[in-house]
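# Structure assessment
Each chain is listed here by its residues.
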Amino acid sequence: MMSGLRDAIAVQQRALSDLKRSREASAAWSDEQRHRLDRQTLEPLTSDGQRLLEALRTAAREIAAAQSKLSR
Amino acid sequence: MSGDVIHARVSAVKEIAHGVASYGRSLTAALASARADLNGAAAEFQAAVADSQRRVAAADRRTEAPAAALARCREGCEPLQRQLAEAKVAQDEARRRHERNRQAQAQFDRAAAELISSMGTARTAAEGMVPSARQHIQDYAEILTSYLKTGV
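Residues numbered from 1 in each chain as written. Chains lettered and ligands numbered in written order. Predicted model: local features only at pLDDT ≥ 70, side-chain atom pairs only at ≥ 80, totals over all residues.

On to the overall build of chain B, then. Counting secondary structure elements, chain B contains two helices and zero strands. For chain B, the C-alpha radius of gyration of 33 Å lies well beyond 15 Å, the compact-globule estimate for 152 residues. Over its C-alpha atoms, taken along the principal directions, chain B stretches across nearly 110 × 20 × 15 Å. In chain B, which comprises 152 residues, the share counted as buried stands at 28%. Taking the contacts inside chain B whose residues are at least 6 apart along the sequence as the reference set, 81% of them involve residues at least 24 apart. (Helix = DSSP H or I, 4+ residues; strand = E, 2+ residues; numbered from the N terminus. Rg over C-alpha atoms; globule rule 2.2 N^0.38 Å. Buried ≥ 20, exposed ≤ 12 C-beta atoms within 10 Å, placed from the backbone. Contact = placed C-beta atoms within 7 Å.)

One widely used convention gives an interface's size as the accessible area the parts lose upon coming together. On the chain A side, the residues contacting the 43 residues of chain B number 41 residues. Elements supplying a minimum of two residues to the side of chain B that touches chain A: helix H1 (3-72) and helix H2 (78-150) of chain B. When residues of the side of chain B that touches chain A are assigned to their parent elements, the largest contribution, 22 residues, is made by H1(B). Residue composition of the side of chain B that touches chain A, grouped by class: 23 nonpolar, 13 polar and seven charged. (Nonpolar A, V, L, I, M, F, W, Y, C, P; charged D, E, K, R; others polar.)

Right, let's talk about the confidence of the model for chain B for a bit. Per-chain confidence: chain B averages 90 in pLDDT, with 97% of residues scoring 70 or above. For this predicted complex, the interface confidence comes out at an ipTM of 0.86, alongside a pTM of 0.84. (pLDDT = per-residue confidence, 0-100.)

Take the nonpolar core next. Core analysis: the largest hydrophobic core is formed by 44 residues, its most contacted members being Leu56(A), Ala59(A), Ala34(B), Phe108(B) and Leu115(B). Secondary-structure elements contributing two or more residues to this core are helix H1 (3-25) and helix H2 (32-69) of chain A together with H1 and H2 of chain B. Among residues more than four places away in sequence, those in contact with Ala59(A) are Leu5(A), Ala111(B), Glu114(B) and Leu115(B). (Core = buried A, V, L, I, M, F, W, Y, C linked by C-beta atoms within 7 Å.)

Further remarks concern the packing of H2(A) against H2(B). Here H2(A) crosses H2(B) at 165°, and the two axes come no closer than 8 Å. With respect to each other, H2(A) and H2(B) are oriented roughly antiparallel. Crossing handedness for the pair H2(A) and H2(B): left-handed. Among the residues making up the contact of H2(A) with H2(B), the classes are represented as 22 nonpolar, ten polar and seven charged. (Axes fitted to C-alpha atoms, helices over the stretch in contact; angles between N-to-C directions. Parallel < 35°, antiparallel > 145°, perpendicular 65-115°, else oblique. Left-handed = near helix turned anticlockwise from the far one by under 90°.)

Our focus in this paragraph is the environment of Ile6(B). All names here are of chain B. As for its placement among the helices and strands, Ile 6 is situated in helix H1. Judged by local crowding, Ile 6 falls into the partly exposed class, with 16 C-beta atoms found within 10 Å. Sequence separation of Ile 6 and Gln 138 is 132 residues, and the distance between their C-alpha atoms is 15 Å.

Take the packing of H1(B) against H2(B) next. Residues and elements named next belong to chain B. One can describe the packing of H1 onto H2 by two numbers: an axis separation of 6 Å at closest approach and a directional angle of 165°. Classified by the angle their axes make, H1 and H2 are roughly antiparallel. The chirality of how H1 crosses H2 is left-handed. Split by residue class, the contact of H1 with H2 holds 41 nonpolar, ten polar and ten charged.

Shown next as C-alpha cells:
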C-alpha cells in the first residue's frame, strides 16, 4: 500500500476516534441545543468521515492491486 | 440549571469543541496525504506505460530488419527466419506487457477517480459542518457563560 494513503487511513481513523471520544465524553450535555448539534453537524460529520475512511481503504486495495500488475 | 450541571456542560462544550477542531485538522491532513500519494502513483503509472510503449516501438523496429532481409532472401534463409521468429516473440511479449500496464493504469485511474470524488464530498461536507458546529458550540458556550455570570 502507498505510504500516503496508509497515513491518510491512520489519520482518518484517529480523527474519527477522537470525534467519537469527544461525543461520548460530552454526554452530560443532553438538551435540545446538543441534539441539534448532533443532528445537524456531528452525526453527518461522523458518517461522512466513516464513508471517507471506507473510500480510502477501498482505493488503497484497488491501487495496490493495480500496482502489482505493473510490469516495469 | 444547577452549578454542577452548568460545569458539566461547560466541560462537554470544551470536549466537543476540541473534537470538532481536531477532526477538521486531521481531515485536512488525511486529504492532503492521500492526494499527494495519488499524484505520485499517477506519475508512476504514466511512466510505466510510457516505458512499455517505448519497448513496444523498439521491439517493432527489431522485427523490421530481419523481415525485410527475409523478404529479399532466396536461399539459406534459416538464420533470418530464426532471427525474425525471436524478434516476434520479443515483440509479442513487449505488447503483452504494455497491455497489462495499460489495464493496470486504467484500474488505478478508476480507483483514483472514485477516491477523489469521495474526498471532494468529505471536504465540502466538512467545510460546511465544521464551522457550523463551531458556531453551535460558541452559541452554547455564550449561553452557559451568561448562566455562570448571572444565573439567568
